[in-house]
Amino acid sequence: LSIPDWGVTPFAAGRDRLAIAHQIDAFNAIARDCCTARGVAFIDITPTSRDRGGEPDMLAADGLHPSAAMYARWVERVLPVVLAQPVAALRNGG
């Protein structure tokens, strides 16, 4: 699972949002490569965090962490990947 972009949240006010995005993209690229090399699914939720992650209803009261509504959006991306895995792989942890 990728790192969501906290740079779109009010918590990032006054910070270099473009630099935050670049750092997150660099980390996620490495994570994706590591997953691919090990045959592990990598699910990119970063675009989902970027398209609505700064909206108040997508954030907890602290203005940084995701709300239940954002988690629900992530589940929409994660669940199909999980359900596509063979049952034996799920029982054996991968």
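Residues numbered from 1 in each chain as written. Predicted model: local features only at pLDDT ≥ 70, side-chain atom pairs only at ≥ 80, totals over all residues. Heavy atoms only, no water.

Would you mind going over the overall build of the chain in detail, with residue names and values included?
Along the backbone of the chain there are 4 helices and 0 strands. Starting at the N terminus and ending at the C terminus, the chain contains elements arranged as α-α-α-α. Counting contacts in the chain only where the partners sit at least 6 residues apart, residues at least 24 apart contribute 52% of the total. Accessible surface for the chain amounts to roughly 6000 Å². Of this, 63% is attributable to carbon and sulfur atoms. Within the chain, the 10 negative side-chain charges are centred at a point lying 6 Å from the centre of the 9 positive side-chain charges. (Helix = DSSP H or I, 4+ residues; strand = E, 2+ residues; numbered from the N terminus. Contact = heavy atoms within 4.5 Å. Areas by Shrake-Rupley, 256 points an atom, 1.4 Å probe, with all protein chains shown as cover. Lys, Arg positive; Asp, Glu negative; His and termini not counted. Charge placed at Lys NZ, Arg CZ, Asp CG, Glu CD.)

Explain the environment of Met70 to me, using residue names and the numbers behind them.
Secondary-structure assignment places Met70 in helix H3 (residues 68-83). Since its relative accessible area comes to 3%, Met70 is described here as buried. Placed 49 residues apart in sequence, Met70 and Ala21 show a C-alpha to C-alpha distance of 18 Å. Among all residues touching Met70, those that are not within four sequence positions of it are Thr48, Ser49, Arg52, Gly53 and Met58. (Buried < 20%, exposed > 50% of the residue type's maximum accessible area, 1.4 Å probe, protein only.)

Quick one: what's the story with the packing of aromatic side chains, residue by residue and with numbers?
A complete count under the given rule lists 2 aromatic pairs for this structure. Taken together, a centroid distance of 6.0 Å and an interplanar angle of 65° make the contact between Trp6 and Phe11 edge-to-face. Residue classification places Trp6 among the partly exposed positions, given a relative accessible area of 31%. For the pair Tyr71 and Trp74, a centre-to-centre distance of 5.0 Å together with 80° between the ring planes defines the contact as edge-to-face. With a gap of 3 residues between them, Tyr71 and Trp74 both fall in helix H3, about one helical turn apart. Of the residues examined, Trp74 reaches a relative accessible area of 10% and is grouped as buried. (Phe/Tyr/Trp six-rings, centres within 6.5 Å; stacked < 30°, edge-to-face > 60°.)

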